Amino acid sequence: MSAISLVGAAKDFGLRSLFSDLDLHVGERDRLGLIGPNGAGKSTLLRVLAGLEPLDRGERRCHSRTRVVLLDQEPRLDPSLTVLEQVFAGDGEAMALLREYTVVSHQLASGTEDGPLLARLSALQHRMDGCQAWDLERRCREVLERLGIDAAHQERTIGELSGGNRRRVALAAALVAEPEVLLLDEPTNHLDAEGVEWLQSYLDRFAGALVLVTHDRYLLDRVTRRIVAVERGEARPYEGNYGTYLGLKAAEEEAEASSAAKLKGTLRRELAWLRQGPKARSTKQKARLQRIDALLEAPARQGRTSLAMAATARRIGKRAITAEGLAVAVGERTLLRDFSYDFSPEDRVGIIGPNGVGKSSLLEVIAGRRPPSEGLLELGSTVKLAYFDQHSDVLLAKDGKRKVIEVVQEAASRVQVDGVELTASQLLERFLFPPAQQHQPVAKLSGGERRRLHLCRLLIEAPNVLLLDEPTNDLDVHTLSVLEEFLDDFRGCVVVVSHDRWFLDRTVDRLFHFEDGRLERFEGNYTSWLERGAPATAPATAPALAAGRSTPAARAAAAGPRRRSFKEARELERLESELPQLEQQRQELEQHLATPSGPDYARLEELTHELAALVERIHAAEERWLALSELAT
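All values derive from a computational prediction rather than experimental measurement.

(A) Looking closely at the pattern of salt bridges. Inspection of the entire model under this criterion finds 28 salt bridges. A salt bridge links Glu-197 to Arg-501, with the shortest nitrogen-to-oxygen separation between them at 3.0 Å. Within this pair, whereas Glu-197 is found in helix 8 (residues 193-205), its partner Arg-501 is found in helix 19 (residues 501-507), the two being separated by 304 residues in sequence. We note that Glu-197, like Arg-501, is buried. For Arg-457, the salt bridge is made with Glu-410, and the minimal N-O distance between the two is 3.2 Å. Note that Arg-457 is positioned in helix 17 (residues 447-459) and Glu-410 in the loop between helix 14 (404-409) and strand 15 (414-417), a separation of 47 residues in sequence. Overall, Glu-410 belongs to the partly exposed group, its relative accessible area being 41%. Bridged by salt links that share partners, the residues Lys-11, Arg-47, Glu-53 and Asp-72 form one connected network.

Rendered as structure tokens:
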């Protein structure tokens, strides 16, 4: 039985159709994931399912008693309410009693001690005992704390909170309401890794129907059982989780490529017939001409737009960023102390830790937006730095009324990409902004589209050092995949702050994690860090794809073959020149050992240990060479 149904549903956005003739049924225990490019209509579809957005055509069916709760990307909260009052603002008798109890308690705490008020409080307590409202309050506080809202913040008003904390309060309110249908739009934004892991477990146990829009591909894979891809005015269902969808999508695209090749062959034959003389094509001429017209139109209908992300190369010297004894403080609170590290031109570094420990503040220091409280920070003389921060809303504040193309033209009207000169308009088309959209105001873009425009604006300036602060927020999964491939080939230094487990696994090979105001170094990606014993505050494991696999190799297999990065290509070249030298050294040592040199047993033992160490080094180098050589180029 369906909890919500859309029948023949259609929704237009200006001249663009978000979806049309859509039939979508959300079952009582459904686990549905919506994916698609930014601006395709995923958030709008959620609002339609929630009954908050009218359809242009078609019908929404939902029983009046079915409780539907939507977590919007920009939730509307009452700034005058406390955090607990906001969470208690849902429907239900227990929620109503908790709201009333909170008001009466505050009145008594303020010194209003009259008999009627005390009697009212006593009656409320009795009723709350009957409907187990006390347990609800305990659960509300527990959910808030799990999402990063501690006891001190729970007594504050919404108006006093940061944007991230408001978002977490809205998520807590949606979860505590326990509706029959839960609609979540990017619920992991502003959550740290521990919060995401807890949310994942909570949604696994959730008893109602769930419709989820998220860029977190581990979460999408773990909790969904059906995927609906929203793109180009269509919504296509796929049975299975995200891992299954990737396999089905790959097979679908392979079949489409085969069909396109056959279509081209047929089209060539038809055009050859058309070029013959009038006598040869007199028979059934009209029908064949109509067929050619249909064939010429078919590729345009089948063609799929794809994001192409590239930047011009800018030389970077031997030094990127040098930090010596660096300390970062906000007010009187020291977030980081005594950090020293030389970022190399080919570094791929991830910075991880709970919310509020100072990750973004460190990036701001490196970007020159705030001074360090102690220590030295120097950039190499050839460094061109780009900082992709969390606040793409700066485009609204600065350029909201300007046209999309004007924002890019401000950086460069033309740019060299892969040896080809592109205009600003052509570059925007590569970033999936069609010509009609390029002349719209920035204010009309969705949150994800503004993030994509922000990224385009940065890359056109050809940086060689990239600072990425939560880059996965509001970007769709396809854009993230393309960004990951771009970073594989990016010839420069990359420093990433992220809670996205998949993104970290794909893009970094070294981590710094915050521990009591210091940055501890770890060689490897996020999954390796977990497997080798992350702190107890970290999530226990990264969830597996499809069939329970959790290794990086398994995830790479599900997402397609991984390409060799620029840094790995350089390493492969080094190994190819180094291995023959190591073999030569081994031969020389073996000859020394085979040649009698008298009773110098100490020297003999020294050479034996040296040979054993050299053989072990050769084996390790050969294993690494083999692993790198198997990557796609």
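(B) Region of the structure containing the pairing of strand 6 (residues 181-185). Counting buried positions along strand 6 yields five of five residues, so the element is predominantly enclosed. Both faces of strand 6 are covered, namely the face carrying Val-181, Leu-183 and Asp-185 and the face carrying Leu-182 and Leu-184. Bridge count between strand 5 (residues 68-71) and strand 6: four bridges; the pairing is parallel. Across the sheet, residue Leu-70 finds its bridge partner in strand 6, namely Leu-183. Handedness of the strand 6-helix 8-strand 7 (residues 209-213) crossover: right-handed.

(C) How the structure looks around the sheet that holds strand 9 (residues 234-239). Strand order in this open sheet of six strands is 5-6-7-3-8-9, and the pairing throughout is mixed. Looking along the sheet, the strands with just one partner apiece sit at the ends: strand 5 and strand 9. Neighbouring strand axes in the sheet, compared pairwise and without regard to direction, differ in orientation by 15° on average. When strand 3 (residues 31-35) meets strand 7, the two strands line up parallel, connected through three bridges. Of the residues in strand 7, the one forming a bridge with Leu-32 is Val-211.

(D) Structural view of the confidence of the model for the protein chain. Taken residue by residue, the protein chain gives an average pLDDT of 80. The fraction at 70 or more is 80%. Contacts of residues 299-304 to residues separated by more than four positions or lying in other chains number 11 contacts, the stretch itself having pLDDT below 50. Residue range residues 536-560 is modelled with pLDDT below 50. Its contacts to residues more than four positions away, or to other chains, number 44 contacts.

(E) Representation of unusual backbone geometry. Its identity is not glycine, yet Glu-178 carries a phi of approximately 45°, on the positive side. Here Glu-178 is to be found in the loop between helix 7 (163-177) and strand 6. A relative accessible area of 41% means that Glu-178 is categorised as partly exposed. For Glu-186, which is not glycine, the phi torsion reads 50° and is therefore positive. With respect to the secondary-structure elements, Glu-186 resides in the loop between strand 6 and helix 8.

Scoring rules and cut-offs
- Residues numbered from 1 in each chain as written.
- Predicted model: local features only at pLDDT ≥ 70, side-chain atom pairs only at ≥ 80, totals over all residues.
- Heavy atoms only, no water.
- Salt bridge = Lys/Arg side-chain N within 4 Å of Asp/Glu carboxyl O.
- Helix = DSSP H or I, 4+ residues; strand = E, 2+ residues; numbered from the N terminus.
- Buried < 20%, exposed > 50% of the residue type's maximum accessible area, 1.4 Å probe, protein only.
- Pairing = 2+ DSSP bridges.
- Right-handed = clockwise from strand over helix to strand, strands pointing away.
- Axes fitted to C-alpha atoms, helices over the stretch in contact; angles between N-to-C directions.
- pLDDT = per-residue confidence, 0-100.
- Contact = heavy atoms within 4.5 Å.

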